[in-house]
Amino acid sequence: MQTKIEKISPLSAFAINNIHESENNPMEFLSFREKLSLANIGHPKKRKEWKGARLAIKSALDSIQLPYPGFYKDTHGKSHAMDGYGYVSLTHHGDYSGAIFHKEIPVGIDLEKVREKTVTLGPKYLDDSEMEFLNKDPYLHTLAWSVKETIFKCQGKKGISLRQNILLQPFTCADQIVKGKIHGTDFADHHYAVKVFAENDMILTYTVW
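In short, a report on the structure. Note that this is a predicted model, so its numbers are computed, not measured. (Residues numbered from 1 in each chain as written. Predicted model: local features only at pLDDT ≥ 70, side-chain atom pairs only at ≥ 80, totals over all residues. Heavy atoms only, no water.)

A tally of regular secondary structure across the protein gives 7 helices and 11 strands. Its C-alpha atoms give the protein a radius of gyration of 17 Å, near enough to 17 Å, the size a compact globule of 209 residues would have. In terms of overall dimensions, the protein has a C-alpha envelope of 50 × 35 × 30 Å along the principal axes. Long-range contacts, defined here as pairs at least 24 residues apart, represent 54% of the contacts in the protein between residues at least 6 apart. Carbon and sulfur atoms provide 50% of the accessible area of the protein, an area that totals close to 10,600 Å². Put simply, the protein has 27 plus and 25 minus side-chain charges, and the middle of one group is 5 Å from the middle of the other. (Helix = DSSP H or I, 4+ residues; strand = E, 2+ residues; numbered from the N terminus. Rg over C-alpha atoms; globule rule 2.2 N^0.38 Å. Contact = heavy atoms within 4.5 Å. Areas by Shrake-Rupley, 256 points an atom, 1.4 Å probe, with all protein chains shown as cover. Lys, Arg positive; Asp, Glu negative; His and termini not counted. Charge placed at Lys NZ, Arg CZ, Asp CG, Glu CD.)

Following this line, the structure appears as structure tokens:
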């Protein structure tokens with residue numbers, strides 16, 4: 001997957017970058033609080049992922065001509081803008097980090113590599129009805145995992161089970177939009193649409209509206 005920056009609307013954009021290619025990019029734009037957080041990350045790979053995600057959100061914000069306000073995580077692990085305006089979601093997998101921003105609506109994003117083990121792990125994150133139409137296909141299982149992670153990140157609260165509370169409508173390899181809902185919780189029947197972008201063995205999913 002190559003570096004990608006896309007303006008979704010005047011209020012929203014996402015970006016994906018390679019954490020190794022962006023390793024030496026300047027980070028002066030970070031807030032003081034973020035610089036302290038970065039200084040406390042000792043593991044080299046974690047530092048690259050952290051920097052990559054911030055560079056991605058900076059690129060997304062630049063594409064819709066919005067300033068970088070700095071971001072922090074709440075007790076649920078969800079990132080928020082320090083100025084209180086807009087919604088962000090961050091992701092990283094392997095050599096890539098990504099971010100999505102929307103000025104007015106909560107968002108979610110996820111990156112995954114297609115893996116055989118998503119099939120054997122299926123009963124841990126899939127409803128029985130979902131396993132029927134996924135048909136032991138590694139791509140479809142990885143996509144289902146990614147879509148559920150994206151919905152989970154968008155709703156932003158802990159205690160939501162991917163298997164019990166997030167239910168996906170049937171989809172195929174050709175579908176570019178996957179629909180799902182959160183049910184059986186305080187967020188009962190909250191519906192989501194998730195955009196799919198696949199390149200080689202990598203899958204990117206993010207919420208749309």
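There's plenty left to go through after this.
Attention now goes to the pattern of salt bridges. Summed over the entire model, instances satisfying the criterion amount to 8 salt bridges. Of the charged contacts, one joins Asp62 and Lys58 as a salt bridge, the two residues approaching to 3.1 Å between their closest N and O atoms. Residue Asp62 and its partner Lys58 are both found in helix α2 (residues 44-63); the two are separated by 4 residues, about one turn of the helix. Arg115 is paired through a salt bridge with Glu112; the nearest N and O atoms lie 3.1 Å apart. Accessibility expressed as a relative area gives 27% for Arg115, which makes it partly exposed. (Salt bridge = Lys/Arg side-chain N within 4 Å of Asp/Glu carboxyl O. Buried < 20%, exposed > 50% of the residue type's maximum accessible area, 1.4 Å probe, protein only.)

To continue, consider the sheet that holds strand β7 (residues 109-113). Read across the sheet, 5 strands follow the order β7-β11-β10-β9-β8 without closing on themselves; strand pairing throughout is antiparallel. Taken across any chain shown, the strands that pair with only one partner, and hence form the sheet edges, are β7 and β8 (166-168). Adjacent strand axes in the sheet meet at a mean angle of 30 degrees, parallel and antiparallel pairs treated alike. Across 5 bridges, the pairing between β7 and strand β11 (residues 202-208) is antiparallel. Its bridge partner lying in β11, Asp110 is registered against Thr205. In the packing of helix α6 (residues 138-155) onto the sheet, contacts are made with β7, β8, β9 (177-182), β10 (190-199) and β11, and the angle to β11 comes to roughly 35 degrees. (Pairing = 2+ DSSP bridges. Axes fitted to C-alpha atoms, helices over the stretch in contact; angles between N-to-C directions.)

Here strand β1 (residues 4-9) runs beside strand β2 (residues 12-18); their pairing, made up of 5 bridges, is antiparallel. When the bridges of β2 are listed, Ile5 appears paired with Ala15. Counting the residues that bridge the hairpin from β1 to β2 gives 2 residues.

All right, on to the packing of aromatic side chains then. Overall, the coordinates contain 5 aromatic pairs when judged by the stated rule. Each ring, one from Phe29 and one from Tyr68, has its centre 4.8 Å from the other, and the planes form 75 degrees; the classification is edge-to-face. Residue Phe29 is located in the loop between β2 and α1 (32-39), and its partner Tyr68 is located in the loop between α2 and β3 (71-73); the two are separated by 39 residues in the primary sequence. Every member of this aromatic cluster is reached through a ring pair, and the members are Phe29, Tyr68 and Phe71. Between Lys4 and the ring centre of Phe197, over which it is positioned, the NZ or CZ distance is 4.6 Å. Over the ring of Trp50 we find Arg54; its NZ or CZ atom is 4.1 Å from the centre of that ring. (Phe/Tyr/Trp six-rings, centres within 6.5 Å; stacked < 30°, edge-to-face > 60°. Lys NZ or Arg CZ within 6 Å of the ring centre and 35° of its normal.)

Turning our attention to the packing of α1 against α2. Contact geometry of α1 with α2 gives a least axis separation of 10 Å together with a crossing angle of 155 degrees. As far as their axial angle goes, α2 and α1 are roughly antiparallel. From α1, Glu34, Ser37, Leu38 and Ala39 reach across to α2, where they touch Arg47, Trp50, Lys51 and Arg54. (Parallel < 35°, antiparallel > 145°, perpendicular 65-115°, else oblique.)

If you trace the backbone, Glu199 turns up in strand β10. Classification of Glu199 as partly exposed rests on a relative accessible area of 23%. As a C-alpha pair, Glu199 and His102 span 97 residues in sequence and 24 Å in three-dimensional space.

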